[in-house]
Amino acid sequence: MPVHHVEHVMGTTVSIDLVDSDDVELVGRVVAWFHEVDEVFSPYKETSTVTRIGRGEVGLDDEVLTDDVLEVLEACEFLLLDSDGVFDVWSLPSPNGTRFDPCGYVKGWSVDRAAAILDHAGVQNFSINAGGDVLLRGRNHEGRPWRTGVRHPDDSSLLAFVLEAEGPLGIATSGSYERGAHIHDPRTGEPVTELASATVVGPTLSLADALATTLYVMGVTGLAHVQGHDTYDAAVITRDGRVLSTPGFDRYLAG
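Residues numbered from 1 in each chain as written. Predicted model: local features only at pLDDT ≥ 70, side-chain atom pairs only at ≥ 80, totals over all residues. Heavy atoms only, no water.

Caption draft 1: Looking closely at the environment of Leu159. Within the secondary structure layout, Leu159 lies in strand E6 (residues 155-165). Residue class for Leu159 comes out exposed when judged on its relative accessible area of 51%. When the C-alpha atoms of Leu159 and Gly149 are compared, they prove to be 6.1 Å apart, with ten residues separating the residues in sequence. The residues contacting Leu159, other than those within four sequence positions of it, are Gly149, Val150, Arg151 and His152. (Helix = DSSP H or I, 4+ residues; strand = E, 2+ residues; numbered from the N terminus. Buried < 20%, exposed > 50% of the residue type's maximum accessible area, 1.4 Å probe, protein only. Contact = heavy atoms within 4.5 Å.)

Written as structure tokens, this is what we have:
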């Protein structure tokens with residue numbers, strides 16, 4: 001029988017749906033992974049590694065800089081250069097009072113790593129939804145491509161898009177409708193509100209998530225930035241309700 005599990009972790013709700021496995025123990029391993037990520041990377045926890053890094057309490061030779069932490073730091077450095085300074089996790093107001101907050105990358109990365117656990121166990125068809133950012137593998141419970149709704153930024157009862165695709169696929173959306181104007185432009189320190197929402201699709205959720213944040217900060221011109229990353233596409237909704245997208249985005253829209 002398929003397995004469906006919902007876990008409140010990392011400050012959000014994570015839903016795990018396995019189509020071709022009934023391995024509850026395997027789901028437990030995935031859930032344990034998310035809690036491990038929360039302990040290490042949460043900017044809300046006083047003792048997390050992220051908080052300690054932000055406070056300057058951790059040096060490059062400190063043992064708390066595990067391979068996972070170094071992997072995230074290296075990825076964030078790449079994204080900083082890739083975005084010409086728009087994606088800068090070292091210049092953001094963090095809940096812990098520092099200027100270091102890698103959450104714009106960590107959530108997608110943690111879901112990709114969770115998917116790797118399931119991949120390694122031989123599960124071929126599943127979805128993981130982490131607070132509206134979704135990773136898909138294979139097909140859904142009916143043997144058809146997954147259908148994923150992206151909520152409308154102005155009305156939580158409406159959908160802006162319904163996307164239909166087989167995995168592997170990551171779908172990430174950035175906007176201010178969940179937590180207010182919480183996304184800042186690190187170049188100015190000010191919250192950004194040009195767009196109502198930005199959605200990015202691509203083979204990994206980690207990069208899709210980071211690109212969605214970058215696109216939201218860049219505004220409409222950020223569509224060209226996303227298009228410069230092979231196999232990633234995007235759509236934005238402007239404050240006046242216009243929908244603009246990269247040429248490849250339409251192929252994901254449900255008919």
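This is not the end of the story, as more comes after the structure.
Caption draft 2: Region of interest: helix H5 (residues 205-218). Taking 1.5 Å per residue as the helical rise, H5 with its 14 residues ought to reach 20 Å, and the 19 Å between its terminal C-alpha atoms agrees with that figure. Most of H5 sits inside the fold, with 13 of its 14 residues counted as buried. Where H5 begins, the capping side chain belongs to Thr204, and its oxygen is found 3.5 Å from the backbone nitrogen of Leu207. Residue Gly219 follows H5 closely and has a positive phi angle near 85 degrees. (Expected span 1.5 Å × (residues − 1). Polar contact = N/O pair within 3.5 Å; in protein donor to acceptor, adjacent residues only side chain to side chain.)

Caption draft 3: The packing of aromatic side chains, seen in detail. If you walk through the whole model with that rule in mind, you get four aromatic pairs. Measuring from centroid to centroid gives 5.4 Å for Phe41 and Trp109, while their planes differ by 70 degrees, and the two rings are edge-to-face. Residue Phe41 is located in helix H1 (residues 24-41), and its partner Trp109 is located in helix H4 (residues 103-120); the two are separated by 68 residues in the primary sequence. Here Phe41 matches Trp109 in class, with each residue buried. One aromatic cluster is present, formed by Trp33, Phe41 and Trp109 through successive ring pairs. (Phe/Tyr/Trp six-rings, centres within 6.5 Å; stacked < 30°, edge-to-face > 60°.)

Caption draft 4: Local environment of the environment of Ala115. Mapped onto the fold, Ala115 is located in helix H4. Through-space distance from the C-alpha of Ala115 to that of Gly189 is 34 Å; in sequence the pair is 74 residues apart. Setting aside anything within four residues of it in sequence, one finds Ala115 in contact with Phe126, Ile128, Leu135 and Arg137.

Caption draft 5: Just the nonpolar core, in detail. Counting residues in hydrophobic clusters, the biggest one holds 59 residues, and the most contacted among them are Ile16, Phe34, Tyr105, Ile128 and Val200. Counting residues per element, this core draws most heavily on H5, at nine residues. Apart from the residues lying within four places of it in its own chain, the contact partners of Tyr105 are Val72, Ala75, Cys76, Leu79, Phe87, Ser206 and Ala210. Of all hydrophobic cores here, the second largest spans 16 residues; its members include Leu169, Ile171, Ile237 and Tyr252. (Core = buried A, V, L, I, M, F, W, Y, C linked by side-chain atoms within 4.5 Å.)

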